[in-house]
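# Inside the fold
So the chains spell out like this:
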Amino acid sequence: MRSDGVLPVELPDAVREALLAPLVDQNCHGVRRDDLTRARFETLLSDAGTPAPPGTTHFDTPVGTAVRRWCAPVLGLAPHVPPAVYLARRAELGATEVNRRLLGAAGIATFLFDGDLGGPEVLPPAEMGHAGGAGTARVVHIERAEEEVARAAVSGVSYISALAQSLAARAVRAVALKSVTAHRSGLHLDPARPSRGAVIAAATRRLACPGGRLADQVLLRHLLWTAVDVAREYGRPLQFHTGHTRYGGAHAGRGGRAVHGGRVDVGTLGTPDAAEGRALPGRYGAGPAPMTGFIVAVQPVGVPVVLLHCHPFHRRAAYLAGALPNVYVDVGAALTRSATGSAAVMAELLELAPFHKQLFGSGGHGVAETCHLGALHYRRGLAGALAARLADGEWSVSDAVRVAQMIGSGNARRIYRL
Amino acid sequence: MRSDGVLPVELPDAVREALLAPLVDQNCHGVRRDDLTRARFETLLSDAGTPAPPGTTHFDTPVGTAVRRWCAPVLGLAPHVPPAVYLARRAELGATEVNRRLLGAAGIATFLFDGDLGGPEVLPPAEMGHAGGAGTARVVHIERAEEEVARAAVSGVSYISALAQSLAARAVRAVALKSVTAHRSGLHLDPARPSRGAVIAAATRRLACPGGRLADQVLLRHLLWTAVDVAREYGRPLQFHTGHTRYGGAHAGRGGRAVHGGRVDVGTLGTPDAAEGRALPGRYGAGPAPMTGFIVAVQPVGVPVVLLHCHPFHRRAAYLAGALPNVYVDVGAALTRSATGSAAVMAELLELAPFHKQLFGSGGHGVAETCHLGALHYRRGLAGALAARLADGEWSVSDAVRVAQMIGSGNARRIYRL
Amino acid sequence: MRSDGVLPVELPDAVREALLAPLVDQNCHGVRRDDLTRARFETLLSDAGTPAPPGTTHFDTPVGTAVRRWCAPVLGLAPHVPPAVYLARRAELGATEVNRRLLGAAGIATFLFDGDLGGPEVLPPAEMGHAGGAGTARVVHIERAEEEVARAAVSGVSYISALAQSLAARAVRAVALKSVTAHRSGLHLDPARPSRGAVIAAATRRLACPGGRLADQVLLRHLLWTAVDVAREYGRPLQFHTGHTRYGGAHAGRGGRAVHGGRVDVGTLGTPDAAEGRALPGRYGAGPAPMTGFIVAVQPVGVPVVLLHCHPFHRRAAYLAGALPNVYVDVGAALTRSATGSAAVMAELLELAPFHKQLFGSGGHGVAETCHLGALHYRRGLAGALAARLADGEWSVSDAVRVAQMIGSGNARRIYRL
């Protein structure tokens, strides 16, 4: 990342270098490779996945303001240009050049890609790595893998073996596994591994309608424990989406709005029935605390559990990272979303989370601006926190350097064995 | 509002003017028009609705300190005078002059009045508007309207039609509707509209003892959906009290302490039974997340849902305002209550809430000091946040001006059609 | 406490003196009197109660960094020395001298000791007071008292009388009672006092296996109400552990890891069964909101309820302290744990909690460093908050002095009748 003006404070050179060194982004998704209309661009910036209400614009958000401030100069514009000027310049340069500039300037060494790759409009990992001058690695999206297995399996028994084989085959070529169960049934996870008989019975029912998303609690627990087994065998951490979700988890939910390749088909979400109504608060955001029993059950297995995003439950997540040996955390997409406000979020993560348990992830999604701003606000937020600790004499310069290296890339290199 | 010394930071003139421009206060209640004893004044300042424990004073709170600091000069005293001096001056001037000074200096263009107007000791809207040099508009308190209907209706069938007619008749003369269901049964709202048959049956039971507060879940859902229908027909937003409550919601709860005209009849709250005990945590404060299913169900109807107060769940509320097109937020009474600490609360709202979804509300209640301090701390808190963004170069001056205008009055003018 | 360099900001002399005056520590435990290996020292610093994962160290935490920064000079070292140097110096001086220096420099007037005193490796109260140049007083750990009663009682009827007598006998020699029910069954407390018949029946079952921890809900409620009765009779407050727990409450939980005398027997925690899995989130940290019904039920009795620690639920606790006349709060161990981050935690407590309801507690536990750092970060955090209020002109100097005196010792002297 270019250093001029990115960091908001004066820092000793060694700290500055550690902050600006290339990051490992432990959680990102593909970004659009096609040129976007203003409506599409705004929708991709928003957590709603819908256009802004009449008379308003999604640019009037923290992330929208940050796009104009920080991404505009990367595209050769003055800071703070109006949205129309930004989007005209974006169209003029074309998506390929925009992605190359924004991802290249993000200062990422390695992207770890969520395995749900999206449609043809989305940059595949290799091309996104190329655009960003970065290496790439894959993360197995276990719910997606299960859906393929459910479509192909012919019996409850074969479902079990096929699921294990599918996850293992994917894990060989990946550095982690990831669950989005938070979007589907929340994180009140029963920690017990279900019996083989119960799984066969539930899988038999599932195969009767394999097109749907996984909703059965027995199969969900079986999926998680199969993922734990595979993660242990291949030495892979298991990531969990926690905290707020984009689109209320609609991209992962049964029914709901369909999201393909970053496109949101707005308006297909009907009125929720009673059961969906009760489930919706969880789908819009689940804190990690209710999965504590599951985490403790996984602990003896030795598989790291990585809690992604966490906001606004990040203080609880930070505590869990200190209280449980196998828990790791980031504040992921909250950095991008809260923009200038993300310094406070990061400061709260630093309150309790051991420094060897924190990681960087951009949660980048949809447009390259999100990856760029995730990295930028990570660096700015951590810079502010380190500067305050140095100014008060609380930390030494070498403390600040070591922590910046650990969170920025060292911890990720260790647990993902990069 | 007078500009001298109100804002804590240097700001460009345009930003300063935008911050000091008259506000729309989207949520206030009447204030006392009679002269108050020290015990009564302290009780009205407190969230407990009771005198301070022996040996202590409610002036030793954030809001009590702010009264001495900020309201004293409006009454012609030096900042920080002791409580006794403040109250002596208050008595000397008389309530009418005190209200005129404090409300007039608050810099409010329009008060939106909660429809539960209180007793004869409380200033009615027109007089409060006159005292503050402001316009006024009304908000329909739907639970109060239901109670009148329940007292008058003669059958379950007529209850249904009378309720719809009553809300409609009130909505014609109001700019919004408001629910305080949070105080009664929390916000775990089943989103489904109940059947007509179920409503008739429940209403028939209700009419047998119409004096009580509404507790039946079917009737509560019916009330909310009737309010949604009326809100849609007349183009009115629907406000919900969320977050902490004053007096544990006792002014809205069945049994409990009675509060009339700002007076709290202390000591009539008996030991809660088991059911009340389980309900009390909700009555002392419910976050908006559990009502997500209801909000999503209302979304296709196009009625804005305004979440009031929200503290300490305001980060979740801020996210919901970004994730759901029909959600709006304020941090209302938390500004008055937390006084100098409110800058942090406002900064957290600014983390995620779209700027076109945030509003100002003082939550003013009981004494004119609360309205004055709500407006003051809103301006001070936002001034600090804007100054930080300008100093770091994150926002442009025109960004700061636009956001101050939107939150201070523009968003309210748009959604309430003022 | 020595003043040189402890406070991070310039303050008027009177405020500085009030902050540096001796504190009442309303919640501490014994610290180790023996010399510790690095593994043991690190484990005692950690919330996990286990060694750090391979390749990491618990010194890379907020509290670990603070030990090197603030405790090293007390042992005659430069700030920021490496962990190995710190521990070598600690061994060189010996535990007795280390404790004398760290506790003596903490500036504590009185330690209130949790009644669960630990084993022979732990300093007993009198010696800890001597080491710190402080007075000591005791707090009755009601769950420990119950366990003794359960081992000795011969019938359900005698259990009831023996429990009342045991708590009374301990309360005579103590200044408060304390419950750790949060670690066992969470804080969703049914507020109702159970019937005598139900207690006798449950106690009869309990006496059949008296060795176990108390899990029965009827007996738990009976224990709490017996404690309330005793507290009222002897004029003692009732403390509750809330918020995060060390070791997931394993030192208090059935089964779980055993912790004796500060030693954690790591590795004996098996995979939780389904019921334990559901209970674990609560054992790792319960907010005080669900006990609101119980607090309201206790209110007419006049017994102060003191909420300890509270993090990350301290904003809710702060509100409860304002909304309920009998509630008091500290942020206890969160000060030690979050170190430099604790200023933000304290600022959030100051948002809403009345100043006459806040207290200081270090939550000190295991090693003298925790007591020292709790006091240090309390003073630094409050100093920062006061300085900001003075600089903005929000508070007067005498406000700042009075609040520092109240929170630091005055409130504790009042409610504990010291």
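## Side note on the relation of the copies chain B and chain A
Mapping between the two chain copies consists of a rotation about an axis together with a translation along that axis. Its rotation angle being 120°, the transformation that places chain B on chain A also includes 0.0 Å of axial translation and leaves an RMSD of 0.0 Å. This pairing of chains is accounted for by a three-fold axis. In terms of C-alpha distance to the rotation axis, chain B has B:Ala344 as its closest residue, with the C-alpha 5.5 Å off the axis. Of all interface residues in chain B, a mere 3% are interface residues in chain A too; the two copies therefore contact each other through different surfaces.

## Brief notes about the interface of chain A and chain C
The interface is formed by 36 residues belonging to chain A together with 43 residues belonging to chain C. Taken over both partners, the interface formed by chain A and chain C buries close to 3200 Å², and the fraction arising from carbon and sulfur atoms is 58%. Applying the counting criterion to the chain A and chain C interface returns 4 salt bridges. Two residues, A:Asp399 and C:Arg68, come together in a salt bridge whose shortest N-O distance is 2.9 Å. Partitioned by chemical class, the residues of the side of chain A that touches chain C number 18 nonpolar, 6 polar and 12 charged.

## Some remarks on the packing of aromatic side chains
Applying the stated criterion across every chain, the model contains 21 aromatic pairs over all chains. Between the aromatic rings of B:Phe355 and B:Trp395, the centroid separation amounts to 5.1 Å while the plane-to-plane angle is 65°, which identifies the pairing as edge-to-face. Of this pair, B:Phe355 sits in the loop between α16 (342-352) and β11 (364-366) while B:Trp395 is found in the loop between α17 (368-391) and α18 (397-416), placing the two residues 40 residues apart along the sequence. Residue B:Phe355 is classed as buried on the basis of its relative accessible area, which comes to 1%. The rings of A:Phe41, A:Phe59 and A:Tyr86 are connected pair by pair, giving a single aromatic cluster. The ring of B:Tyr328 has B:Lys357 sitting right over it, with the charged end atom 5.0 Å from the ring centre. Here the guanidinium or amino end of B:Arg389 rests over the ring plane of B:Trp395, the centre of that ring lying 5.3 Å away.

## Concerning the pattern of salt bridges
Evaluation of the coordinates by the stated rule reveals 66 salt bridges over all chains. For the salt bridge of A:Glu97 with A:Arg101, the shortest nitrogen-to-oxygen distance reads 2.8 Å. With A:Glu97 and A:Arg101 both in helix α5 (residues 95-104) and 4 residues apart, the pair spans about one turn of that helix. Between C:Lys178 and C:Asp114 there is a salt bridge whose closest N-O contact spans 2.5 Å.

## Quick look at the interface of chain B and chain A
Taken together, the contact between chain B and chain A spans 36 residues of the former and 43 residues of the latter. At the boundary of chain B with chain A, the tally comes to 4 salt bridges. Counting across the interface, chain B meets chain A through 17 residue pairs in polar contact (both at pLDDT 80 or more). For the side of chain B that touches chain A, the secondary structure elements donating two or more residues are α13 (292-298), α14 (314-323), α16 and α18 of chain B. For the side of chain B that touches chain A, the element with the most residues is α14(B), which contributes 5 residues. Of the residues assigned to the side of chain B that touches chain A, the class counts are 18 nonpolar, 6 polar and 12 charged.

## Overview of the relation of the copies chain A and chain C
Least-squares fitting of chain A to chain C yields an RMSD of 0.0 Å, with the superposition described by an axial translation of 0.0 Å and a rotation of 120°. In this assembly the copies use different faces: only 3% of the residues contributing to the interface of chain A also contribute to that of chain C.

## A few points about empty space enclosed by the protein
All names here are of chain C. Under the counting rule described, the total for this entry stands at 15 cavities of 30 Å³ or more. What the largest cavity holds in volume is close to 290 Å³. Forming the walls of the largest cavity are 22 residues, and the residues nearest its centre are His241, His244, Arg246, His309 and Ala333. Elements represented by at least two residues in the lining of the largest cavity include exactly β5 (238-244) and α15 (332-338). Broken down by element, the residue count for the lining of the largest cavity peaks at 3 residues, all from α15. In the lining of the largest cavity, the residues fall into 5 nonpolar, 11 polar and 6 charged.

What counts as what
- Residues numbered from 1 in each chain as written.
- Chains lettered and ligands numbered in written order.
- Predicted model: local features only at pLDDT ≥ 70, side-chain atom pairs only at ≥ 80, totals over all residues.
- Heavy atoms only, no water.
- Least-squares fit on C-alpha atoms with pLDDT ≥ 70 in both.
- Contact = heavy atoms within 4.5 Å.
- Buried area = accessible area lost by both parts, 1.4 Å probe.
- Salt bridge = Lys/Arg side-chain N within 4 Å of Asp/Glu carboxyl O.
- Nonpolar A, V, L, I, M, F, W, Y, C, P; charged D, E, K, R; others polar.
- Phe/Tyr/Trp six-rings, centres within 6.5 Å; stacked < 30°, edge-to-face > 60°.
- Helix = DSSP H or I, 4+ residues; strand = E, 2+ residues; numbered from the N terminus.
- Buried < 20%, exposed > 50% of the residue type's maximum accessible area, 1.4 Å probe, protein only.
- Lys NZ or Arg CZ within 6 Å of the ring centre and 35° of its normal.
- Polar contact = N/O pair within 3.5 Å; in protein donor to acceptor, adjacent residues only side chain to side chain.
- 1 Å grid on protein atoms, 1.4 Å probe; cavity = no way out; pocket = protein on both sides within 12 Å on 5 of 7 lines; lining within 4 Å.
- Points joined across faces, edges and corners; volume = space filled by probe spheres on them.

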